[in-house]
Amino acid sequence: MATKQGAALERKKLFGDPIMITTIVLLITFLTLFILYPLAVLLVDSVAGGHGITLSIFGRIFRIPTFTKAIGNTLKIGFTVGLFATAAGLLFAYVEEYVRLGRFTGGLFKVVSMLPVVSPPFVLSLSMIMLFGKAGIITRYVLGIYDNSVYGFWGIVIVQSLTFFPVCYMMFKGLLRNIDPSLEEAARDMGASRFKVFSSVTLPLLLPGIGNAFLVTFIESIADFANPMIIGGSYDTLATTIYLQITGNYDKAGASAMAVVLLSITLLMFIVQKFYLERKSTATLTGKASRVRMLIEDRSVKTPLVVFCSAVALFVIIMYICVPVGALFPTWGYKFFPLTGKWFGQVFSKYKGFKVFRDSFILSFISAPITALLSMIISYLVVKRSFKSKGFIEAVSMLAMAVPGTVLGVGYIRGFSNGLFGSGILQGIYGTGLVLVIVFVVRSLPTGTRSGISALRQIDKSIEESAYDMGADSFKVFTSVTLPLIKDSFLSGLVTAFVRSITAISAIILLVTPQYLLITVQINEFAEKGAYSLACAFASILILITYTAVLLMNIGMKRFGTSRKAAG
Amino acid sequence: MSKVKKGVRLDHISKIYKDPKTGKDFYAVNDTSLTIEPGSFVTLLGPSGCGKTTTLRMIAGFESPDEGEIYLGDEPINALTPNKRDTAMVFQSYALLPHLNIYDNVSYGLRLRKVPKDEIRERVTRILALVELSGMESRMTNQLSGGQQQRVALARALVIEPSVLLFDEPLSNLDAKLRVQMRTEIRRIQQEVGITAVYVTHDQSEAMAISDKIIIMNRGVVEQMGSPYDIYYHPVDEFVADFIGEANFLRGEVMDSSSAEITVNIEGTAVKLPNEKGLSAGDKAVVVLRPEAATLKASGGLPCEVVLSCFMGSYQNYHVKVGSTLVKLEEHNPKNKRIFAVGEKCSLVFDPGSVHVL
């Protein structure tokens, strides 16, 4: 009885705040409609028979040999890539945090950490083929091998590892910074060798973080669509199988069931990662470094580590450089000189380059601010306010992180092509630019929300309370206090959302109609046709756009960013 | 300030939380009723977790009471959100808006109230003069010292002329010296403005120095409410006696009683004390003895043995054993007095009028 009054009063206060209540209702509607509903439809689709519930569709797809093989393939790739990327990421982070680096190597590391932010996720597949494929520069012209095949398991593994390891590297860098050097100094002081310190102190402290990085990469890898598509050859993964099932075999129910299988795998990984490892990894490492770490100067340790990492970093950088250079060769693999601008010319003259870039740019440009604002609002509600449906909002917006784009794409097809539950309601948005914008927003929302939440957690709750106490309503608090304080996070969320949208492919490729030409879809098309020079030309321009966006963000942060002081 | 002063009244207020570990409900504040007179300075004092901050936050509106009603003046305010309540809070962490300068921080509440620009300027200038921060208008908050930031927080709360000013341990982030200086300051300003103030602290000397009335809370209930003098000399129970100042408890049994006097047997010695509580023979009595209220003599009181004797400058610190009870004493101005050494047998002497019997 008693607690009811408190709860009732809280509710009354909430309803006395119309903007707040409208925002919450709109948010819940949006999340339900565009994240939960499409996934629910998949589940319903895959068990709905002529009459009642049936498992026959699952039975059917599990009898398709390519599908069962794809499950094995996907898990095998995910596991291997998870291992490689985690190991490489840990090595890079360790070297950066523990070894005194020269300016050149330091620069290399910085570039490597930046690259995955600005580049479309599948660029490395292109350069892999161009460097090591049948007509690859290195295989054919340097090594003289004429029948090297990069397509298949190892191609995907190498490309994905190189694509995802910088993410692990950044994660480990954060964790290593939080290890108090005095812990290691104490071990050293008691007589442990440097290796012993690493194996008995540093590594155990990092273990949950290692598991975390592994699973994050695992999820990324099995959700990845574009790389297996381009470099997989006949080696199919779940994402590509689903795509082919729907675009090649027109088997929508089968694709739904397959999507449910893929979603179950990523969701399981995500739950383990989120609720078990993430908590543990921050719990063991909450300490702030009390002092600066003594860096390793010992040459016998330093030289091999630095040489190895620099080699990998250089290799990655060369692979990226290969893309714009590749677009300048007259015929890749046959004729290298004189360099020509004809492919770039053709992009615009023959292949509607202007429309392609305009469509991609406009759609991403519309969705970026929506994503950034939405994620800041969600973070604000999650961190600073308490109300009943808060858990729902947080859970669903985080859940979107575990949903592979392909799954979402199939969900949208099934959920909206005939309107809500086949009723025709909202059918109007299907096949329009609006649905593409919504997909962009949904796909970038979790990253934005996550960074927003961590930015807001840094800000003392009483700062907003004081504004509230001074007479500001929720809306005013949000606009006059919260937003100015997390300007940096908002700006980076804006740019990240833009970059993610303009480089997105997995969900979009299933939903785009001929009316819109998107860069990533074009690149994929040309790469599949073997027109690598054109794909490279498109990709180079895309990288130029994303790089400019990131550059503008950095300038903007330097000029307007004041929020760093807010933490104290 | 021309506004009518308002008091605060809590009528059977309870706040129930769920223990995150056991999942059971527990009362952070339990059936608390109290009245804060208009214009008075009242301090909620208690150990951490006693419910004082929860009570304050309920008055501010950040928490909603699960039972009872809160009144500001005569108006029930349970259903009002913090921004609609005529209260202003000074936070422990100051909670200044870090992206605004001092002037904008102080004028924030006035701008929300759509006060005309000229009036804002005039009021902010006056209030900054009151807290002695004139000329700092364009500084950013991180360019100020802790004490200055606290003054800005106070100015920001005062400038909107609230009916009640709320303080949530505002001095706990300052160093000891500044704390003493700021509490005098806060008291001066409150007196000057004549505003009702509710102040939360766990520092008893702060509470003594600043308040008209102190409310001692423990485990969600009010133990005692009274002036600092009352609470120090007439604590209602051992908790209050122990929490405010230092207290020694001498336990004994009443041997003989009249309406004016009782004789208590303390560790084998009969001591005559005034009968404030109307005790009769056979009752248990607890004598509250403050460290400064007793002295050591060669004879003439309770026999005791010195176990610690330590020169502290302004006083000699003794621990003595009276029977099995350890008693802490402060002999002030020890120069030219006889100093007893550890192990010496002597006598504990006190004036019956300066102790309190529970």
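Residues numbered from 1 in each chain as written. Chains lettered and ligands numbered in written order. Predicted model: local features only at pLDDT ≥ 70, side-chain atom pairs only at ≥ 80, totals over all residues. Heavy atoms only, no water.

**So, the environment of glutamine 149 of chain B**
All names here are of chain B.
Turning to step 1, where the next piece is worked out: In this fold, glutamine 149 is placed in helix 4 (residues 146-159).
Turning to step 2, where the next piece is worked out: A relative accessible area of 18% means that glutamine 149 is categorised as buried.
Turning to step 3, where the next piece is worked out: Linking glutamine 149 and valine 240, residues 91 residues apart in sequence, is a C-alpha distance of 33 Å.
Turning to step 4, where the next piece is worked out: Those residues in contact with glutamine 149 that lie beyond four places of it in its chain are Tyr94, Leu96, Thr141 and Leu144. (Helix = DSSP H or I, 4+ residues; strand = E, 2+ residues; numbered from the N terminus. Buried < 20%, exposed > 50% of the residue type's maximum accessible area, 1.4 Å probe, protein only. Contact = heavy atoms within 4.5 Å.)

**As for the packing of helix 22 (residues 487-502) of chain A against helix 25 (residues 532-560) of chain A**
All names here are of chain A.
Turning to step 1, where the next piece is worked out: For the pair helix 22 and helix 25, interaxial distance at closest approach is 10 Å and the crossing angle is 175°. By the angle between their directions, the pair helix 22 and helix 25 is classed as roughly antiparallel. Residue-level contacts link Lys487, Asp488, Leu491, Ser492, Val495, Phe498, Val499 and Ile502 of helix 22 to Leu542, Ile545, Thr546, Ala549, Val550, Met553, Gly556, Met557 and Phe560 of helix 25.
Turning to step 2, where the next piece is worked out: Class assignment for the residues of the contact of helix 22 with helix 25 results in twelve nonpolar, three polar and two charged. (Axes fitted to C-alpha atoms, helices over the stretch in contact; angles between N-to-C directions. Parallel < 35°, antiparallel > 145°, perpendicular 65-115°, else oblique. Nonpolar A, V, L, I, M, F, W, Y, C, P; charged D, E, K, R; others polar.)

**What to know about the layout of surface pockets**
Turning to step 1, where the next piece is worked out: By volume, the second largest pocket is sized at about 1,100 Å³.
Turning to step 2, where the next piece is worked out: Taken together, 37 residues form the lining of the second largest pocket, with Glu10, Arg385, Ser386 and Phe387 of chain A together with Phe62 of chain B sitting closest to its centre.
Turning to step 3, where the next piece is worked out: Contributions of two or more residues to the lining of the second largest pocket are made by helix 1 (2-15), helix 2 (18-47), helix 16 (353-384), helix 20 (461-470) and helix 21 (474-485) of chain A together with strand 1 (8-18) of chain B.
Turning to step 4, where the next piece is worked out: Top element by residues in the lining of the second largest pocket is helix 1 of chain A. It accounts for eight residues.
Turning to step 5, where the next piece is worked out: Here the lining of the second largest pocket is composed, by residue class, of 14 nonpolar, seven polar and 16 charged. (1 Å grid on protein atoms, 1.4 Å probe; cavity = no way out; pocket = protein on both sides within 12 Å on 5 of 7 lines; lining within 4 Å. Points joined across faces, edges and corners; volume = space filled by probe spheres on them.)

**Looking at unusual backbone geometry**
Turning to step 1, where the next piece is worked out: The backbone phi angle of tyrosine 250 of chain A is positive, close to 50°, even though this residue is not glycine.
Turning to step 2, where the next piece is worked out: Inspection of the secondary structure puts tyrosine 250 of chain A in the loop between helix 12 (238-247) and helix 13 (252-284).
Turning to step 3, where the next piece is worked out: Residue class for tyrosine 250 of chain A comes out exposed when judged on its relative accessible area of 66%.
Turning to step 4, where the next piece is worked out: Positive phi values are uncommon outside glycine, yet glutamate 132 of chain B reaches one of about 60°.
Turning to step 5, where the next piece is worked out: As for its position among the elements, glutamate 132 of chain B is in the loop between helix 3 (117-130) and helix 4.

**Some thoughts on the confidence of the model for chain A**
Residues and elements named next belong to chain A.
Turning to step 1, where the next piece is worked out: With 95% of its residues at a pLDDT of at least 70, chain A reaches an overall mean of 84.
Turning to step 2, where the next piece is worked out: Mean pLDDT in chain A bottoms out at helix 7 (residues 137-142), which sits at 75, and peaks at helix 4 (residues 65-98), which reaches 91.
Turning to step 3, where the next piece is worked out: pLDDT under 50 marks residues 563-568. Its contacts with residues more than four places away, or in other chains, come to ten contacts. (pLDDT = per-residue confidence, 0-100.)

**Things to note about helix 19 (residues 433-457) of chain A**
Residue and element names in this part refer to chain A.
Turning to step 1, where the next piece is worked out: Its 25 residues place the ends of helix 19 35 Å apart at the C-alpha level, agreeing with the 36 Å of an ideal helix rising 1.5 Å per residue.
Turning to step 2, where the next piece is worked out: By the criterion of burial, helix 19 is predominantly enclosed, with 18 of the 25 residues buried.
Turning to step 3, where the next piece is worked out: Capping of helix 19 at its N-terminal end is provided by threonine 432; its side-chain oxygen lies 3.2 Å from the backbone amide nitrogen of leucine 434. (Expected span 1.5 Å × (residues − 1). Polar contact = N/O pair within 3.5 Å; in protein donor to acceptor, adjacent residues only side chain to side chain.)

**Some thoughts on the packing of aromatic side chains**
Residue and element names in this part refer to chain A.
Turning to step 1, where the next piece is worked out: Per the counting criterion, the structure on display carries 35 aromatic pairs over all chains.
Turning to step 2, where the next piece is worked out: When the ring of phenylalanine 109 is compared with that of tyrosine 169, the centres are 6.1 Å apart and the planes differ by 80°; the resulting orientation is edge-to-face. Here the residue phenylalanine 109 occupies a position in helix 5 (residues 103-118), and tyrosine 169 occupies one in helix 8 (residues 153-177), the gap between them amounting to 60 residues. Both residues of the pair, phenylalanine 109 and tyrosine 169, belong to the buried class.
Turning to step 3, where the next piece is worked out: With centroids separated by 5.0 Å and ring planes inclined at 65°, the aromatic side chains of phenylalanine 225 and tyrosine 243 adopt a geometry described as edge-to-face. Here tyrosine 243 lies in helix 12 and phenylalanine 225 lies in the loop between helix 10 (194-223) and helix 11 (226-231), a separation of 18 residues in the sequence.
Turning to step 4, where the next piece is worked out: Among the residues examined, phenylalanine 225 registers a relative accessible area of 1% and is labelled buried.
Turning to step 5, where the next piece is worked out: Taking relative accessible area as the criterion, tyrosine 243 reaches 14% and is therefore assigned buried.
Turning to step 6, where the next piece is worked out: Through a chain of ring-to-ring contacts, the aromatic side chains of Phe30, Phe34, Tyr37, Tyr412 and Phe416 assemble into a single cluster.
Turning to step 7, where the next piece is worked out: Between lysine 76 and the ring centre of phenylalanine 153, over which it is positioned, the NZ or CZ distance is 5.7 Å. (Phe/Tyr/Trp six-rings, centres within 6.5 Å; stacked < 30°, edge-to-face > 60°. Lys NZ or Arg CZ within 6 Å of the ring centre and 35° of its normal.)

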